[in-house]
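The lines below spell out each chain.
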Amino acid sequence: MRLRDRVAIVTGSGSGLGKAMVKRLAEEGASVVVADINQEAIDTVVRELKEAGRTAMGFKVDVTNRSQLKELMKATAGKFGRIDILVNNAGVTRYRPFLTMNDEDWDTVLGVDLKGVFYGVQAVAEYMINQRYGKIVNISSVAGTGVAPDWAGGSAAGTSNYGAAKAGVIQLTKTLARELGPHGINVNCIAPGFVLTPITYTTRNAQEVEKHIELRKRSAVLNRAGKPEDIANGVLFLVSDESSFISGQLLCVDGGRTDRM
Ligand SMILES: NC(=O)c1ccc[n+]([C@@H]2O[C@H](COP(=O)([O-])OP(=O)(O)OC[C@H]3O[C@@H](n4cnc5c(N)ncnc54)[C@H](O)[C@@H]3O)[C@@H](O)[C@H]2O)c1
């Protein structure tokens, strides 16, 4: 049990990668908070965790709302007495060619994927600073490290908003690591490669998803799509004491993407 007595919050953990993260962290002994905008999804994940004998609570939160994030931290500390781990995972996509990108799609993606991280870290910081201990992991994307060509599954629909937000998360991670490091807080970032989750379907129809899976598989040296557990294991490493001398880093969990090498 690598996280015995630790308390972990994962935003966007009602689905996909976040759900796998809370399950993995709870397996290692952490008390987990399933924080998501979708109440039904929260209830399902909390029920599954409790049925497996884990310690979990749910909290409905919109990461674009600063005061709701403050309430999340207050409720977590109120129930469990501390907050050791925050994974800023909630994210959305709205792919659109740059020339027709509108304010709504730009602001929505930047608001959830980048500003949500800013709000989350500001809200949790006082608890971690008081403890002189904290582990923060921000979820970026390989889309924040470069632009995939067509042969590697690059989106013809355009990812200027998503790519800008996810690149912003990488740089924000570095500045946060610098400013929070003196308080005993590690801040790191994971860029997942392709993992089939509901988010894949938000910008593609079923046929496009099939094609996307094939292209993404071929662009990874390991020749497969990722599993949610692959990303959760990366998070586990970065929130465990095995990574206590690592901060400000980007870990690409992407099967070895040839279009990035
Ligand atoms: N799946 C992939 O291939 C992939 C690749 C790279 C990066 N990512 C990133 O991983 C993260 C998780 O993605 P996923 O694939 O699990 O997607 P998903 O759609 O399955 O899950 C995202 C979760 O975030 C929640 N959410 C959305 N807006 C929110 C808000 N404003 N406040 C709180 N919660 C909100 C949703 O309800 C959902 O439960 C995202 O940041 C995504 O950009 C995913």
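Along each chain, residue indices are assigned from 1 in the same order as the chain's sequence is written. In view of the model being predicted, local features appear only for residues whose pLDDT reaches at least 70, and side-chain atom pairs are presented and counted only at 80 or more, with totals across whole chains, interfaces and linings using the full set of residues. In computing side-chain values, all of the structure's heavy atoms are included and hydrogens and water are not.

(A) Spotlight on the packing of helix α3 (residues 66–80) against helix α4 (residues 103–131). Across the interface, α3 lies against α4 with an axial gap of 9 Å and an inter-helix angle of 35°. Relative to α4, the crossing made by α3 is right-handed. Where α3 approaches α4, its residues Arg66, Leu69, Lys70, Met73, Lys74 and Ala77 are matched on the opposing element by Gly116, Phe118, Tyr119, Gly120, Gln122, Ala123, Val124 and Tyr127. In the scheme used here, Gly and all other residues not listed as nonpolar or charged are polar, with Ala, Val, Leu, Ile, Met, Phe, Trp, Tyr, Cys and Pro taken as nonpolar and Asp, Glu, Lys and Arg as charged. Residue composition of the contact of α3 with α4, grouped by class: eight nonpolar, three polar and three charged. Only the stretch in contact is used when fitting a helix axis, every axis being a line fitted to C-alpha atoms; angles between N-to-C directions are given from 0 to 180 degrees. To qualify as a helix, a DSSP run of H or I must reach at least 4 residues; to qualify as a strand, a run of E must reach at least 2; elements of each kind are numbered from the N terminus. Crossings are assigned a handedness: left-handed for a near helix turned anticlockwise from the far helix by less than a right angle, right-handed for a clockwise turn. Any two residues whose heavy atoms approach within 4.5 Å at even a single point are treated as in contact.

(B) Spatial organisation of the sheet that holds strand β4 (residues 85–88). At least two bridges found by DSSP between two strands are what make those strands a pair. Taken in spatial order, the seven strands of this open sheet run β3-β2-β1-β4-β5-β6-β7, and their pairing is parallel. Edge positions in the sheet fall to β3 (56–60) and β7 (250–253), since each has one partner strand and no second. Across the sheet, the mean angle from the axis of one strand to that of its neighbour is 20°, orientation sign disregarded. Alignment of strand β5 (residues 134–139) against strand β6 (residues 185–192), held across six bridges, turns out to be parallel. Across the sheet, the residue bridging to lysine 135 is asparagine 186, located in β6.

(C) The packing of aromatic side chains, seen in detail. Pairing of aromatic rings covers Phe, Tyr and Trp, the last counted by its six-membered ring, and requires centre-to-centre distances within 6.5 Å; plane angles under 30 degrees mean stacked, over 60 mean edge-to-face, and any other angle means tilted. Inspection of the entire model under this criterion finds two aromatic pairs. Only Lys NZ and Arg CZ are tested; either one counts as a charge over a ring when it is within 6 Å of the ring centre and within 35 degrees of the ring normal. The ring centre of tyrosine 133 lies 4.0 Å from the NZ or CZ of arginine 6, which sits over that ring.

(D) Inspection of the pattern of salt bridges at higher detail. Whenever a carboxyl oxygen of Asp or Glu lies within 4 Å of a side-chain nitrogen of Lys or Arg, that contact is scored as a salt bridge. Tallied over the full model, the rule gives 13 salt bridges. We note a salt bridge from lysine 23 to glutamate 48, for which the minimum N-O separation is 2.7 Å. Here glutamate 48 lies in helix α2 (residues 39–51) and lysine 23 lies in helix α1 (residues 16–27), a separation of 25 residues in the sequence. A residue is classified by how much of its surface remains accessible, and glutamate 48, at 25% relative accessible area, is partly exposed. Of the charged contacts in the structure, one is a salt bridge between arginine 257 and aspartate 259, with a shortest N-O distance of 2.9 Å. Note on accessibility: arginine 257 and aspartate 259 belong to one class, buried. Taken together, the salt bridges that share partners define one network made up of Arg6, Arg82, Asp84 and Asp241. Exposure categories follow from relative accessible area, calculated using a 1.4 Å probe and restricted to protein chains: below 20% of the type maximum is buried, above 50% is exposed, and the middle band is partly exposed.

(E) Quick peek at the nonpolar core. If you look at the biggest cluster of nonpolar residues, it comprises 34 residues, and the most contacted ones within it are Ile9, Leu69, Leu72, Met73 and Ile136. Broken down by secondary-structure element, the contributors of at least two residues to this core are β1 (7–11), β2 (31–36), β3, α3, α4, α5 (160–180) and β6. Element by element, the count of residues in this core is highest for α4, at eight residues. For isoleucine 136, the residues in contact, after removing those within four places along its chain, are Leu86, Asn88, Val121, Val124, Met128, Leu180, Ile185, Asn186, Val187 and Asn188. Judged by nonpolar contacts, the second largest core, of 30 residues, contains Val10, Ala26, Val87 and Val239. To form a nonpolar core, buried Ala, Val, Leu, Ile, Met, Phe, Trp, Tyr and Cys residues must be joined to one another through side-chain atoms within 4.5 Å.

(F) A look at the site of the ligand. By convention in these notes, a residue is near a molecule or strand provided one of its non-hydrogen atoms lies within 4 Å of it. Around the ligand, a shell composed of 27 residues is seen, among which Ser15, Leu17, Asp36, Tyr162 and Thr197 lie nearest. Contact distances for the ligand include 2.6 Å between an oxygen atom and a side-chain N or O atom of aspartate 36. Note that an oxygen atom of the ligand is positioned 2.5 Å from one of the side-chain N or O atoms of tyrosine 162. Every accessible area reported is derived by Shrake-Rupley at a probe size of 1.4 Å, with residue values counting cover from the shown protein chains alone. The fraction of the free accessible surface of the ligand (830 Å²) that becomes covered by protein chains is 91%. Those elements giving two or more residues to the shell around the ligand turn out to be α1, α5 and α6 (198–201). In the shell around the ligand, the residues fall into 14 nonpolar, 10 polar and three charged. Throughout this description, a polar contact denotes any pair of N or O atoms lying within 3.5 Å of each other; where both atoms belong to protein, one of them has to be capable of donating a hydrogen while the other can accept it, and for residues adjacent in sequence the pair is counted only when both atoms sit in side chains.

(G) A look at helix α8 (residues 228–239). Take the residue count of a helix, subtract one, and multiply by 1.5 Å to get its expected span. With 12 residues, α8 should reach 16 Å at 1.5 Å per residue; the first-to-last C-alpha distance of 17 Å fits that figure. Taken together, the buried positions of α8 are Ile231, Ala232, Gly234, Val235, Leu236, Leu238 and Val239. Each element contacted by the buried residues of α8 is listed here: α1, β4, β5, β6 and β7.

(H) Region of interest: the packing of α1 against α2. Taken N-terminus to C-terminus, the directions of α1 and α2 make an angle of 25°; their axes are 11 Å apart at the nearest point. Comparing the axis directions of α1 and α2 gives the class roughly parallel. The interaxial crossing formed by α1 with α2 has right-handed handedness. Where α1 approaches α2, its residues Lys19, Val22, Lys23 and Ala26 are matched on the opposing element by Val45, Glu48 and Leu49. Angles are sorted into four bins: roughly parallel if under 35 degrees, roughly antiparallel if over 145, roughly perpendicular if 65 to 115, and oblique for all others.

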